[in-house]
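Single-letter residue listing:
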Amino acid sequence: MLKKLTRHHSAAPHLALIVVQVLFGTWPIFGKIALRALPSVALVGFRVAGASLALILIGRVSSAISTIGKRDWPLLILSSGLGLILNQWLYVKGLSLTSAINTTLLSTTIPVFTLLVGIALGTDRAVLQRVVGIALAAAGVIYLIGPSRATFSSSTRAGDMLIIANSLCYGAYIAISKPLVERYNAITVITWIFIVGCFATVPAGAIQHVARRFE
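Bear in mind that the values here come from a model prediction, so they are computed numbers and not experimental data.

Criteria and thresholds
- Residues numbered from 1 in each chain as written.
- Predicted model: local features only at pLDDT ≥ 70, side-chain atom pairs only at ≥ 80, totals over all residues.
- Heavy atoms only, no water.
- Helix = DSSP H or I, 4+ residues; strand = E, 2+ residues; numbered from the N terminus.
- Buried < 20%, exposed > 50% of the residue type's maximum accessible area, 1.4 Å probe, protein only.
- Contact = heavy atoms within 4.5 Å.
- Expected span 1.5 Å × (residues − 1).
- Polar contact = N/O pair within 3.5 Å; in protein donor to acceptor, adjacent residues only side chain to side chain.
- Axes fitted to C-alpha atoms, helices over the stretch in contact; angles between N-to-C directions.
- Parallel < 35°, antiparallel > 145°, perpendicular 65-115°, else oblique.
- Left-handed = near helix turned anticlockwise from the far one by under 90°.
- Nonpolar A, V, L, I, M, F, W, Y, C, P; charged D, E, K, R; others polar.
- Phe/Tyr/Trp six-rings, centres within 6.5 Å; stacked < 30°, edge-to-face > 60°.
- Lys NZ or Arg CZ within 6 Å of the ring centre and 35° of its normal.

Trainee: Give me the lowdown on the overall build of the protein, citing residues and values where you can.
Mentor: When its secondary structure is counted, the protein shows nine helices and zero strands. In the protein, the order of α-helices and β-strands from amino to carboxyl end is α-α-α-α-α-α-α-α-α. Relative to its full complement of 215 residues, the protein shows a buried share of 37%. Nonlocal contacts in the protein, meaning residues at least 24 apart in sequence, comprise 86% of its contacts between residues at least 6 apart.

Below is the structure:
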């Protein structure tokens, strides 16, 4: 029985990561579809508001959400700004100006930026195993998608640059948010990041949505 429980707990993180990657990989496709009906900032507002409500509900049911200490609020706000607000605004706007394939290919730079920011902050090192792992993961994505299917051109350049900027913001968020994850459980950190993010994304999204309706 103990062996079965141990095996279950060791498999759970890997299954969660697989689900995350599936969602991450299909998001550009469904995002392009959603952008036909909603402008980019409004789409971000709806996504963040919906996710925040879902996370709060999960936290209430599981009693997993705790309060964040005062000393950690500056880091929490910075993490929300980089990992949610700027990340989502840049990503969705970039997606609206480029193709889903370009977006997926350029998103493979996130681990590179995470490592570079970690090295700059002194919290990470470019060990051979990690560098090789990042290179293999990126090569696998590029191989599966096929770089020949990408359409990098002057018409997609603005969107491509926004996706790269998004990757930098998200990589920086992963690097700097480690202390929060170490001090609090994952559901607490991500829920508070979304709650903080609502203060910027929801009003901006509502304004753009209303303005779009009156055009």
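Trainee: Tell me what's going on with helix 5 (residues 110-121), and back it up with residues and numbers.
Mentor: Taking 1.5 Å as the rise per residue, helix 5 with 12 residues should run 16 Å; its terminal C-alpha atoms sit 16 Å apart, in good agreement. Looking only at helix 5, the buried set comprises Ile 110, Phe 113, Thr 114, Leu 115, Val 117 and Gly 118. Where helix 5 ends, the next residue or the one after it, Gly 122, has phi of about 80°, a positive value.

Trainee: Give me unusual backbone geometry: which residues, what numbers.
Mentor: Most peptide bonds adopt trans geometry, and most residues besides glycine take a negative phi value. A positive phi angle, near 55°, is found at Ser 63, a position not held by glycine. Relative to the elements of secondary structure, Ser 63 occurs in the loop between helix 2 (40-62) and helix 3 (73-97).

Trainee: Could you give me a rundown of the side chain of Asn 87, with the residues and numbers involved?
Mentor: Here Asn 87 lies in helix 3. Overall, Asn 87 belongs to the buried group, its relative accessible area being 7%. Within the structure, Asn 87 has its side chain in polar contact with the backbone oxygen of Gly 83 (distance 2.9 Å). Contact partners of Asn 87, with chain neighbours within four places excluded, come to Gly 81, Leu 82, Asn 166 and Tyr 170.

Trainee: Tell me about the environment of Thr 123, and name the residues and values.
Mentor: Within the secondary structure layout, Thr 123 lies in the loop between helix 5 and helix 6 (128-145). By relative accessible area, which is 46% here, Thr 123 ends up partly exposed. Placed 53 residues apart in sequence, Thr 123 and Ile 176 show a C-alpha to C-alpha distance of 8.7 Å. Not counting residues up to four positions away in its chain, the partners in contact with Thr 123 are Gly 118, Ala 175 and Lys 178.

Trainee: How would you sum up the packing of helix 2 against helix 3? Please name residues and give values.
Mentor: Close contact between helix 2 and helix 3 brings their axes to 9 Å; oriented N to C, the two are set at 135°. When the interaxial angle is binned, helix 2 and helix 3 end up oblique. Considering only the axes of helix 2 and helix 3, their crossing is right-handed. Side by side, helix 2 and helix 3 meet where Ser 40, Val 41, Leu 43, Val 44, Arg 47 and Val 48 of the first sit next to Leu 84, Gln 88, Trp 89, Val 92 and Lys 93 of the second. Among the residues making up the contact of helix 2 with helix 3, the classes are represented as seven nonpolar, two polar and two charged.

Trainee: So what's going on with the packing of aromatic side chains? Residues and values would help.
Mentor: Throughout the structure, instances matching the rule amount to three aromatic pairs. With centroids separated by 5.9 Å and ring planes inclined at 15°, the aromatic side chains of Trp 27 and Tyr 91 adopt a geometry described as stacked. In this pair, Trp 27 sits in helix 1 (residues 2-34) while Tyr 91 sits in helix 3, placing the two residues 64 residues apart along the sequence. We note that Trp 27, like Tyr 91, is buried. Relative to Trp 192, the ring of Trp 73 has its centre 5.6 Å away and its plane inclined at 75°; by these criteria the two rings are edge-to-face. Of this pair, Trp 73 sits in helix 3 while Trp 192 is found in helix 9 (residues 186-213), placing the two residues 119 residues apart along the sequence. The class of Trp 73 is partly exposed, set by a relative accessible area of 27%. Judged by relative accessible area, Trp 192 falls into the partly exposed class, the value being 22%. Its guanidinium or amino end placed over the ring of Trp 27, Arg 47 lies 4.0 Å from that ring's centre, counting from NZ or CZ.

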